Amino acid sequence: MTVDLSVPVVHLHIGGEARTGGSGGVHQHVYPATGEVQGPVPLAGPDDVDAAVGAAHQAYAQWRAWRPSERARVLRRLGELMERDAAEIARLSVLDNGMSAGMSQPLVAIMANWTSYYAGWADKVEGRVTSFPANQRELGYSMPEPYGVVGIILTWNGPVVSVGMKLIPALAAGNTVVMKPSELTPYATEHLMGLVKEAGIPDGIVNLVLGGPETGDALVRHPLVNKVSFTGGPATARKILTRCAESLKPAVLELGGKSANVLFPDADLDTAVAVNAFSVLGTLAGQGCAIPSRMIVHNDIYDDVADRVLAIVSGMRCGDPFDPATLISPVVTREARQRILAMIDRAQTDGAKLLAGGRVPDYLSRECSDGFFVEPTVFGDVEPDSELGQIEVFGPVLSLMRFETEEQAIAIANSTEYGLAAYVYTKDIDRVQRLVSALDAGGVYVNGASPVTGCELAFGGVGISGYGREGGEEGLFEFLRTKAVGIA
Ligand code: NAD
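The protein has the name Putative succinate-semialdehyde dehydrogenase [NADP(+)] 2 in an unreviewed UniProt entry, where Mycobacterium paragordonae is given as its organism. According to UniProt, the comment filed for the protein under the heading Catalytic activity (unreviewed entry) is "succinate semialdehyde + NADP(+) + H2O = succinate + NADPH + 2 H(+)".

### Some details on the overall build of the protein
For the protein, the count of helices and strands is 15 helices and 20 strands. Relative to its length of 488 residues, the protein is compact, with a C-alpha radius of gyration of 23 Å against a globular reference of 23 Å. Each of the three principal axes of the protein carries a C-alpha extent, and together these read 70 × 60 × 40 Å. Relative to its full complement of 488 residues, the protein shows a buried share of 58%. Pairs at least 24 apart in sequence give 74% of the contacts found in the protein among residues at least 6 apart. Looking at the protein as shown, the accessible area adds up to about 19300 Å², and 53% of this sits on carbon and sulfur atoms. Distance between charge centroids for the protein: 6 Å, based on 39 positive and 57 negative side chains.

### A closer look at the side chain of S329
Among the structural elements, S329 can be located in the loop between α10 (299–314) and α11 (334–349). Those residues within four positions of S329 in sequence are excluded, and the remaining contacts are G98, M99, S100, L284, A285 and F373.

### Some thoughts on the sheet that holds strand β5 (residues 128–131)
Ordered by their spatial adjacency, 3 strands build an open sheet running β5-β6-β20, and the pairing between neighbours is antiparallel. The open sheet has two free edges, formed respectively by β5 and β20 (480–487), since each of these has just one partner strand. Between one strand axis and the next, the sheet turns by 30° as a mean value, whatever way the strands run. Two strands pair when backbone bridges link them, and β5 and strand β6 (residues 139–146) are joined in this way by 3 bridges, in the antiparallel orientation. Along β6, the bridge assignment pairs S131 with G140.

### A look at the pattern of salt bridges
For the structure shown, the criterion picks out 26 salt bridges. Here D4 makes a salt bridge to R91, at a shortest N to O gap of 3.5 Å. Highlighted residues: D4 in the segment before β1 (12–14) and R91 in helix α3 (residues 86–97), separated in sequence by 87 residues. Using a relative accessible area of 12% as the deciding quantity, one classes R91 as buried. Here E406 and R431 are joined by a salt bridge, their closest N and O atoms 3.0 Å apart. Pair noted here: E406 is in helix α13 (residues 406–413) and R431 is in helix α14 (residues 429–438), with a separation of 25 residues, a long-range link. Here the two residues E406 and R431 agree in accessibility, since each one is buried. Connected through salt bridges with shared partners, the residues D217, R221, R243 and E246 form a single ionic network.

### Considering the UniProt feature "active site" (unreviewed entry) in the protein
When the UniProt feature table is mapped onto this chain numbering, "active site" (unreviewed entry) sits at E254. Mapping E254 onto the fold places it in strand β11 (residues 251–254). For E254, a relative accessible area of 4% gives the class buried. Those residues in contact with E254 that lie beyond four places of it in its chain are K166, F230, T231, G232, L420, F459, G460, G461, S465, G468, R469 and E470.

### Examining the nonpolar core
One broad rule of soluble globular proteins: the nonpolar side chains tend to lie buried together. If you look at the biggest cluster of nonpolar residues, it comprises 159 residues, and the most contacted ones within it are M82, I89, V160, L167, M295 and V305. Per-element accounting of this core gives the leading share, 12 residues, to helix α4 (residues 101–121). Filtering out sequence-adjacent residues up to four positions away, I89 remains in contact with M82, V108, M111, V160, A188, H191, L192 and L195.

### Things to note about the packing of α3 against helix α6 (residues 187–198)
As a packed pair, α3 and α6 sit with axes 7 Å apart at the nearest point and diverge in direction by 150°. Put simply, α3 runs roughly antiparallel to α6. Between α3 and α6, the contacting residues are E88, I89, L92, S93, L95 and D96 on the first element and Y187, A188, H191, L192 and L195 on the second. For the contact of α3 with α6, the per-class residue count stands at 7 nonpolar, 2 polar and 2 charged.

### As for the site of the ligand
Around the ligand, a shell composed of 27 residues is seen, among which L154, T155, T236, L255 and E392 lie nearest. In this structure, T155 approaches the ligand through a side-chain N or O atom, which is 2.7 Å from an oxygen atom. Within the contact set of the ligand, an oxygen atom lies 2.6 Å away from a side-chain nitrogen or oxygen of E392. Listing elements by their share of the shell around the ligand, those giving two or more residues are α7 (213–221), β10 (225–231) and α8 (234–247). Here the residues of the shell around the ligand sort into 11 nonpolar, 11 polar and 5 charged.

### Section: the packing of aromatic side chains
Taken as a whole and assessed by the stated rule, the structure comprises 6 aromatic pairs. Taking 4.9 Å as the distance between ring centres and 75° as the angle between the ring planes, the aromatic pair formed by Y117 and Y118 counts as edge-to-face. Of the residues examined, Y118 reaches a relative accessible area of 0% and is grouped as buried. Aromatic pair W156 and F394: ring centres 5.5 Å apart, planes at 75°, arrangement edge-to-face. With W156 in the loop between β7 (149–153) and α5 (159–172) and F394 in the loop between α12 (387–390) and β16 (397–403), the pair connects residues that are 238 residues apart, well separated along the chain.

### Remarks on the environment of P144
Inspection of the secondary structure puts P144 in strand β6. Overall, the relative accessible area of 17% leaves P144 in the buried class. Through-space distance from the C-alpha of P144 to that of G357 is 52 Å; in sequence the pair is 213 residues apart. Each residue touching P144, except ones within four places of it in the same chain, is listed here: V125, E126, G127, F477, L480, R481 and T482.

### Here we look at α6
Helix length check: α6, at 12 residues, gives a terminal C-alpha distance of 17 Å against a target of 16 Å (1.5 Å per residue), a fit within 8%. Backbone geometry just downstream of α6 places G200 in the positive-phi region, at approximately 95°.

### A short note on α14
Those residues of α14 lying buried are R431, V432 and L435. Seen along its axis, α14 keeps its buried residues to an arc of 105°; they face one direction. Residues of α14 that are exposed and angled more than 90 degrees away from the buried face: I429, D430, Q433 and S437. If you follow the buried residues of α14, they end up packed against α13, β17 (421–425) and β18 (443–446).

Parameters and conventions
Residues numbered from 1 in each chain as written. Predicted model: local features only at pLDDT ≥ 70, side-chain atom pairs only at ≥ 80, totals over all residues. Heavy atoms only, no water. UniProt positions renumbered as here; feature names shortened; annotations may be inferred. Helix = DSSP H or I, 4+ residues; strand = E, 2+ residues; numbered from the N terminus. Rg over C-alpha atoms; globule rule 2.2 N^0.38 Å. Buried < 20%, exposed > 50% of the residue type's maximum accessible area, 1.4 Å probe, protein only. Contact = heavy atoms within 4.5 Å. Areas by Shrake-Rupley, 256 points an atom, 1.4 Å probe, with all protein chains shown as cover. Lys, Arg positive; Asp, Glu negative; His and termini not counted. Charge placed at Lys NZ, Arg CZ, Asp CG, Glu CD. Pairing = 2+ DSSP bridges. Axes fitted to C-alpha atoms, helices over the stretch in contact; angles between N-to-C directions. Salt bridge = Lys/Arg side-chain N within 4 Å of Asp/Glu carboxyl O. Core = buried A, V, L, I, M, F, W, Y, C linked by side-chain atoms within 4.5 Å. Parallel < 35°, antiparallel > 145°, perpendicular 65-115°, else oblique. Nonpolar A, V, L, I, M, F, W, Y, C, P; charged D, E, K, R; others polar. Near = heavy atom within 4 Å. Polar contact = N/O pair within 3.5 Å; in protein donor to acceptor, adjacent residues only side chain to side chain. Phe/Tyr/Trp six-rings, centres within 6.5 Å; stacked < 30°, edge-to-face > 60°. Expected span 1.5 Å × (residues − 1). Arc of directions from axis to C-beta.

Here you go:
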C-alpha cells in the first residue's frame, strides 16, 4: 500500500497573509503512528494574536454590511469545496493526529454537512416584533446582532468537526473570527484556510493562529474579542473562565465526558454491543468527548454482553491508520499514552477486572513500532465511584458495570460530575421516557442514535461537560446577542 505522507507548509493566517513564522517559536509536529517528526509548525505569540484580532476587527464592518444571502452563498460554496477536497482533508486529518482513515472520512463529511446546514441559516436570522399597541404609538422589536470578533479555540481530537460546529455558525451569524487550533493538529485546517479564500470569503474575516496555552490565553484576554467558543478539557475551561471573568466576557464551553450507556435485558444486543464497543475503542482510540465509556449493564445480560464485547475486541487491531484493516489508531502523544497506561494500572489496583488489552501491542509493524498505540482495553466490574468509574480516560478503555434496578442504573449513570451524553438501549417506550428525563446529560440517545452526526440537533453538556450548545438554531444563537428596540 503506497500512502502519501507529505504534509503542507503550515502558516499563521492573519488578514489574508500567510506567515511562515510566528513570535511564539516553533513546534515540531510528530506523527503519532510512527513517532517521527513531520515538520515545523509556527507558533503565534501575543503580538501575532493581536495582529489577527486586529485584522478580524477591521474586517467586521465589511462582513456585516454584506447581504445575508451573500454570506449564505459563500458559505455554501465553502461547503462544496470541502466536499470536492474531502479525500485530501481526510488524509491530512490522519497525519494531524493519527486517526484512522476509516474515521477521518466520515468526520470530513460531517464538517461539510454542518457547513451547508449553517450556510442555510445565514439569511434566516430574524428578530421579533413584540408590541405594537397603536394607541400608545410605540413599536418594540428585537434584533439579533453578531458579537463582532469571536475567538475560537479547538482541541486536537477533531478540529475539522469543530470547524463545522463553531466557525461556520459564527460566520453565518455575521461575526469575524480568530481561530486557534491546537499546535498538534495543523494540517487539515491549513488546507481549509485555502478553501476559505477560494470560496470568496474576504481577507481578515477568518484568521488562524496556531499555538498552545499561551496563544489561547492571549486570544481569550484580547479586549477586542467579544466572545469565546472553546472545546477542550474542564481544567483549561476553568482557566479560560477566570480570564473571561476579568472583562465579563461570555464563553461557550464544550468539554469532556464520561458518558453512560444503559443496557436493559430487552435491548437489541447485536446493535448495542457493536455500537458501544466500536464507538469507545474505535473512535479515535477512545479520544472522543461523547463516547459511551461506561457500559452499565443489567445483571441478567451482563455475562452475555461481556462475552460479546470480548469477541468484538479480539478482532480489533492497532496499526497503520491508513490500512483499512486498522480499527485502533494511536493516541495523540507519547505523554498521552503514558497517562492512559498509568490509569489502566491504577484501575487494576482499584479492583477492576482487566478483561482485555491493557498494554502496548507487541505485534506492530516496523514502521509503527515507535507509534503511540494502546491495545483496546476492557475492564469488568468497575466500581462506579472508582477513578476509572469517574474520570475521563480519553483513551481506548471501556468500563463494564452492573445494575439490578432501573433506579440503580440511573443513579450510576448520574454519579459523575460530567454530563455530556447518555445512551439507553431498551424496547420499552415508557422506560425510554422515564430515562430521558431522569438522566443528567446534555443529550440522551436511544437504541443506536448518536450525537453530532445530526447538525440540526443541539449538542452540549451539563455539569463539568460545559455549557452552551452547538448545532441547530441554539448553536447559531450562541453567536448572536439580542438588541431590544423601542420606537415611540
Ligand atoms: P485542553 O483543554 O488541554 O486544550 C484544548 C485547547 O485549549 C487547545 O487548543 C489548547 O492549546 C488550548 N489551551 C490550553 N490552555 C489554555 C489556556 N490557558 N487558555 C486558552 N487556551 C488554552 O484539552 P485537550 O487535552 O487538548 O483535549 C481533550 C479534552 O477535550 C477532553 O476532555 C475532551 O473530552 C474534550 N473535548 C470535548 C469536545 C466537546 O465537544 N464536548 C470535543 C472534543 C474534545
